[in-house]
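# An overview of the molecular structure
Here is what each chain is made of, one letter per residue.
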Amino acid sequence: MGCNCKRKKQVTNNLDSPDYIIPAKESFSQLSTKKIEDFDAIDQMEVKRIYLSLYPNSKGTTSTEQMMMDIKTAIEIYDVKYRRT
């Protein structure tokens, strides 16, 4: 007897979900005050955590600098799309 349940649609990102964007925005605002050159290992892990919360299917092979830019872009798009500041 096989399962007749429908396959769940695979999530490629969480960019439209306030449950992910709003906490990411709060964490990111603290990180964005620092220069990337001054990041320590904890800061880098936090960036990766935020990035993977927004892009769960990502392999995480992107540089910290690229992840920061992607997170910033995702937050800006969300703010414009939903007119939140």
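Residues numbered from 1 in each chain as written. Predicted model: local features only at pLDDT ≥ 70, side-chain atom pairs only at ≥ 80, totals over all residues. Heavy atoms only, no water.

## Brief notes about the pattern of salt bridges
- On inspection of all chains with the given rule, the structure shows four salt bridges.
- Close ionic contact of K25 with D79 constitutes a salt bridge, the shortest N to O distance being 3.0 Å. Of the two residues, K25 is situated in helix α1 (residues 18-31) and D79 in helix α3 (residues 64-82); the sequence distance between them amounts to 54 residues.
- Where D43 meets K34, a salt bridge forms, and the shortest distance between an N and an O atom there is 2.6 Å. (Salt bridge = Lys/Arg side-chain N within 4 Å of Asp/Glu carboxyl O. Helix = DSSP H or I, 4+ residues; strand = E, 2+ residues; numbered from the N terminus.)

## So, the packing of helix α2 (residues 41-54) against α3
- One way to put it is that α2 packs onto α3 with a least axis distance of 10 Å and a crossing angle of 45°. Viewed along their axes, α2 and α3 adopt a mutual orientation that is oblique. The element α2 and its partner α3 pack so that their crossing is left-handed. Along its contact with α2, which presents Q44, V47, K48, I50, Y51 and L54, the element α3 presents T64, M67, M68, D70, I71 and A74.
- In the contact of α2 with α3, the residues fall into eight nonpolar, two polar and two charged. (Axes fitted to C-alpha atoms, helices over the stretch in contact; angles between N-to-C directions. Parallel < 35°, antiparallel > 145°, perpendicular 65-115°, else oblique. Left-handed = near helix turned anticlockwise from the far one by under 90°. Contact = heavy atoms within 4.5 Å. Nonpolar A, V, L, I, M, F, W, Y, C, P; charged D, E, K, R; others polar.)

## Details of the side chain of T64
- Following the sequence through the fold, T64 ends up in helix α3.
- According to the relative accessible area criterion, T64 is buried, its value standing at 18%.
- With residues near it in sequence (within four places) discarded, T64 still touches F39, Q44 and V47. (Buried < 20%, exposed > 50% of the residue type's maximum accessible area, 1.4 Å probe, protein only.)

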